[in-house]
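Working through the structure, step by step
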2 protein chains.
Amino acid sequence: MLWDNYPEIKRKLRKVETIIEQNLKCRNKPLEELLQTLLKGGKRLRPAFSILSAGFGKQQNDKIYDAAAGIEILHMATLVHDDIIDEAGMRRGKPTINSVYGDKMSVYVGDYLLSRSVLLLSRTLPEDRLEKIARALKSICEAEIEQFFSRFNLDVSPVTYLKRIGRKTSALFAFSCGEGAFLSGCDENSQKNLIKFGFYFGMAFQMYDDILDLVGDTKETGKPKGNDIKEGIITIPFILALRKNATFAKNARKIMSAETIKTADIKKIIDEIISLGGIDDTRAWIDRYLQKAHTMLEPLPDIREKEIFHDIMLTLEK
Amino acid sequence: MLWDNYPEIKRKLRKVETIIEQNLKCRNKPLEELLQTLLKGGKRLRPAFSILSAGFGKQQNDKIYDAAAGIEILHMATLVHDDIIDEAGMRRGKPTINSVYGDKMSVYVGDYLLSRSVLLLSRTLPEDRLEKIARALKSICEAEIEQFFSRFNLDVSPVTYLKRIGRKTSALFAFSCGEGAFLSGCDENSQKNLIKFGFYFGMAFQMYDDILDLVGDTKETGKPKGNDIKEGIITIPFILALRKNATFAKNARKIMSAETIKTADIKKIIDEIISLGGIDDTRAWIDRYLQKAHTMLEPLPDIREKEIFHDIMLTLEK
């Protein structure tokens with residue numbers, strides 16, 4: 001477990017865990033069981049980022065744990081709905097709700113989680129901050145919708161991709177850091193730096209995730225290799241490879257236009273992406289964003305939380 | 001159009017319409033078009049109830065239009081997600097998003113609408129009121145999840161049904177009335193009465209809708225007759241008929257346990273419900289709830305808005 005090396009963070013995350021559990025209690029027993037299963041697993045990166053950011057403030061504020069829990073519940077809601085979109089059968093090594101109960105159930109469980117998240121956050125955050133979380137949710141949805149309409153479009157540009165992942169993933173990391181910083185009474189400059197740090201980290205994190213989809217250990221990701229390709233989602237390693245070789249672009253276009261894409265063809269595309277340097281180039285992009293994230297932390301005091309942020313960044317560098 | 005006879009309400013609803021339109025603007029063109037189509041149609045009952053309730057207050061408050069728009073956007077979000085659950089092909093006489101783009105799209109369009117609704121309401125309402133809308137959303141989800149787990153369960157009791165529709169439908173009507181009353185500065189007693197009025201009306205409204213599913217004009221409802229039965233959703237006319245005749249209960253149980261339910265069998269069930277008085281009994285229930293709603297309005301001043309509320313109740317009496 002990621003946090004085993006950081007007992008002080010682990011202890012604080014346990015508080016968040018308890019709040020999440022309390023907030024997912026409900027009368028409906030089958031739903032309750034479902035939610036408890038959902039709860040297990042997950043690295044709790046976003047709540048941890050709130051907690052770590054709060055370390056840079058001068059106030060001890062227990063609302064941080066509520067906010068962190070609310071953010072994680074929101075994240076869980078988007079995961080449940082993502083699994084419908086992805087037709088995923090497994091998530092965090094467990095069968096997804098939609099693979100057991102069908103898409104219909106997933107829709108309402110996701111909505112239920114959203115309502116619980118808004119409920120918790122509306123009790124925790126002042127009104128203008130709540131607007132920010134609604135904005136983050138709006139961003140995520142816009143990105144997912146844009147991604148949906150861009151499926152199987154091999155002309156998607158790196159800029160479109162970057163904008164998309166900024167909304168899809170980075171916005172919530174930025175919000176997590178921002179709320180922690182705000183609630184702990186960080187000065188405005190530090191708040192801004194931590195928000196930007198979260199944003200840049202989120203970019204690197206998503207690109208890392210997109211690499212995992214292509215070459216990651218299936219057991220770890222819980223999804224078949226090349227699931228994005230099968231779904232027509234063109235991520236940055238693919239985009240970069242497409243721009244390097246016209247023959248590959250032509251072949252890929254042919255494969256991707258088929259009614260159903262064969263597993264062998266997906267493997268062929270992945271192999272080409274690798275040999276054209278799509279993965280390596282993406283790693284270079286990741287490093288660039290981690291560097292930006294790094295720069296945002298520089299003006300902040302050298303406390304333990306900063307070290308931990310650096311350690312987490314290192315996990316995306318391999 | 002329902003509001004043609006009430007020009008003052010129609011004029012106010014047009015303000016709400018404009019706010020909805022403004023709040024559904026977005027950069028993504030295909031999404032924009034989709035949302036514009038969604039916007040058309042719909043009776044705007046909930047915003048109208050906010051506006052009518054506001055008539056009992058002493059303040060003119062333009063926030064009422066924003067709140068009413070936020071509530072309608074929330075309602076639209078639940079409709080989009082309902083259409084996935086219902087496997088509906090038509091809504092308000094137009095093809096549903098999921099029938100055109102598939103379930104995946106519907107999920108995110110619904111989420112997007114939810115985020116826009118929360119965004120608008122968080123700008124409009126004080127924090128503790130926002131908690132109420134999150135509660136209403138939570139209620140709706142819980143009811144839909146409970147309904148899902150109760151599918152094809154012919155032992156569902158009238159009490160379970162009443163609790164369900166209280167959460168699924170009445171909660172939002174109650175909230176609509178409550179916000180209008182609150183924002184216009186109604187005294188506490190009037191606020192409570194209007195909230196209860198909305199709740200009781202919502203109960204009658206849902207039962208009326210459940211009758212329509214069985215015997216309504218398919219062109220008007222946009223759904224095939226007996227869609228609820230096909231989906232295994234046991235509504236009050238069915239429940240009441242089941243309790244009247246053991247032979248029917250036995251036959252219905254057999255039909256409902258089949259892998260797929262034939263259209264002829266659905267027709268058979270509907271005919272039996274009618275001849276056993278399930279529809280007539282439900283009408284009596286509707287009248288009872290309308291009477292309760294009526295009682296809540298009694299202590300309020302005899303203004304034009306009260307008349308209009310009475311007129312709308314009459315539309316459920318036939």
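Rules used in this analysis
- Residues numbered from 1 in each chain as written.
- Chains lettered and ligands numbered in written order.
- Predicted model: local features only at pLDDT ≥ 70, side-chain atom pairs only at ≥ 80, totals over all residues.
- Helix = DSSP H or I, 4+ residues; strand = E, 2+ residues; numbered from the N terminus.
- Rg over C-alpha atoms; globule rule 2.2 N^0.38 Å.
- Buried ≥ 20, exposed ≤ 12 C-beta atoms within 10 Å, placed from the backbone.
- Contact = placed C-beta atoms within 7 Å.
- Nonpolar A, V, L, I, M, F, W, Y, C, P; charged D, E, K, R; others polar.
- Least-squares fit on C-alpha atoms with pLDDT ≥ 70 in both.
- pLDDT = per-residue confidence, 0-100.
- Core = buried A, V, L, I, M, F, W, Y, C linked by C-beta atoms within 7 Å.
- Arc of directions from axis to C-beta.
- Axes fitted to C-alpha atoms, helices over the stretch in contact; angles between N-to-C directions.
- Left-handed = near helix turned anticlockwise from the far one by under 90°.
- Parallel < 35°, antiparallel > 145°, perpendicular 65-115°, else oblique.

For the rest of this paragraph, the subject is the overall build of chain A. Across its full length, chain A holds 16 helices and 2 strands. Computed over its C-alpha atoms, the radius of gyration of chain A comes to 20 Å, within 12% of the 20 Å expected for a compact globule of 318 residues. When burial is assessed residue by residue, chain A has 52% of its 318 residues classed as buried. Sequence separation of 24 or more characterises 74% of the internal contacts of chain A that already satisfy a separation of 6 or more.

On the side of chain B, 36 residues touch chain A, which itself brings 36 residues to the contact. Elements represented by at least two residues in the side of chain A that touches chain B include exactly helix H2 (29-39), helix H4 (63-86), helix H6 (103-124) and helix H7 (127-149) of chain A. Ranked by residue count, the leading element in the side of chain A that touches chain B is H6 of chain A, at 15 residues. Here the side of chain A that touches chain B is built from residues that sort into 20 nonpolar, 4 polar and 12 charged.

What follows deals with helix H3 (residues 45-54) of chain B. Of all 10 residues in H3 of chain B, 9 are buried; the element is thus mostly enclosed. Arg 46, Pro 47, Ala 48, Phe 49, Ser 50, Ile 51, Leu 52, Ser 53 and Ala 54 of chain B are the residues of H3 of chain B that are buried.

Superposing chain A onto chain B requires a rotation of 180 degrees together with a translation of 0.0 Å along the rotation axis, leaving an RMSD of 0.0 Å. With respect to symmetry, the two chain copies, as superposed, fit the operation of a two-fold axis. When each C-alpha of chain A is compared by its distance to the rotation axis, Glu 127 of chain A comes out closest, at 2.9 Å. Most of the interface of chain A is mirrored in chain B: 100% of its interface residues are interface residues there too.

Bringing the confidence of the model for chain A into the picture now. For chain A, per-residue confidence averages 92 on the pLDDT scale, and residues scoring 70 or more make up 95% of the total. Scoring of the predicted complex yields 0.90 for pTM and 0.87 for ipTM.

Membership of the largest hydrophobic core comes to 204 residues, with the highest contact counts inside it found for Ala 204 of chain A together with Ala 204 of chain B. Excluding residues within four positions of it along the chain, Ala 204 of chain A makes contact with Ile 286, Tyr 289, Leu 290, Ala 293 and Leu 316 of chain A.

Our next topic: the environment of Thr 37 of chain A. Turning to its location among the elements, Thr 37 of chain A is positioned in helix H2. Along the sequence, Thr 37 of chain A and Thr 96 of chain A sit 59 residues apart, while their C-alpha atoms lie 9.8 Å from each other.

Residues and elements named next belong to chain B. The complete set of buried residues in helix H13 (residues 246-256) reads Phe 248, Ala 252 and Met 256. Buried positions in H13, seen along its axis, are confined to an arc of 60 degrees and lie on one side of it. Along H13, the residues that are exposed and aim more than 90 degrees away from the buried face are Ala 246, Thr 247, Lys 250 and Lys 254. Contacts from the buried residues of H13 go to helix H12 (236-242) and helix H14 (263-275).

All names here are of chain A. Running from amino to carboxyl end, helix H8 (residues 158-183) crosses helix H9 (residues 188-215) at an angle of 145 degrees, the nearest separation of the two axes being 7 Å. Note that H8 runs across H9; the crossing there is right-handed. Judged by residue contacts, Ile 165, Gly 166, Lys 168, Thr 169, Ser 170, Phe 173, Ala 174, Ser 176, Cys 177, Gly 178, Ala 181 and Phe 182 of H8 engage Ser 190, Gln 191, Leu 194, Ile 195, Phe 197, Gly 198, Phe 199, Phe 201, Gly 202, Met 203, Phe 205 and Gln 206 from H9.

Positive phi is not limited to glycine here, since Arg 44 of chain A has a value of about 55 degrees. For Arg 44 of chain A, the location among the structural elements is in the loop between H2 and helix H3 (45-54). Despite not being glycine, Phe 152 of chain B shows a phi value in the positive range, around 60 degrees. By the element assignment, Phe 152 of chain B lies in the loop between helix H7 (127-149) and helix H8 (158-183). Classification of Phe 152 of chain B by C-beta neighbours within 10 Å gives partly exposed; the count is 15.

Right, let's talk about the packing of H7 of chain A against helix H6 (residues 103-124) of chain B for a bit. The interhelical angle for the contact between H7 of chain A and H6 of chain B, taken along N-to-C directions, is 160 degrees, at an axis separation of 8 Å. Overall, the two elements H7 of chain A and H6 of chain B adopt an arrangement that is roughly antiparallel. For the pair H7 of chain A and H6 of chain B, the crossing hand works out as left-handed. Facing H7 of chain A, whose interface residues are Glu 127, Leu 130, Glu 131, Ala 134, Arg 135, Leu 137, Lys 138, Cys 141, Glu 142, Glu 144, Ile 145 and Phe 148 of chain A, H6 of chain B presents Lys 104, Met 105, Tyr 108, Val 109, Asp 111, Tyr 112, Ser 115, Arg 116, Val 118, Leu 119, Ser 122 and Arg 123 of chain B. Tallied by class, the residues present in the contact of H7 of chain A with H6 of chain B amount to 12 nonpolar, 2 polar and 10 charged.

All names here are of chain B. Counting through the fold element by element, Ile 19 comes out in helix H1 (residues 7-23). Separated by 47 residues in the primary sequence, Ile 19 and Asp 66 have C-alpha atoms spaced 6.7 Å apart. The contact partners of Ile 19, leaving out residues within four places of it in the chain, are Tyr 65, Asp 66 and Ala 69.

This part takes up the environment of Tyr 112 of chain A. Position of Tyr 112 of chain A among the secondary structure elements: in helix H6. Along the chain, Tyr 112 of chain A and Gly 55 of chain A lie 57 residues apart, while their C-alpha atoms are 31 Å from each other. Ignoring sequence-local partners within four residues, the contact set of Tyr 112 of chain A consists of Lys 138, Cys 141, Glu 142 and Ile 145 of chain B.

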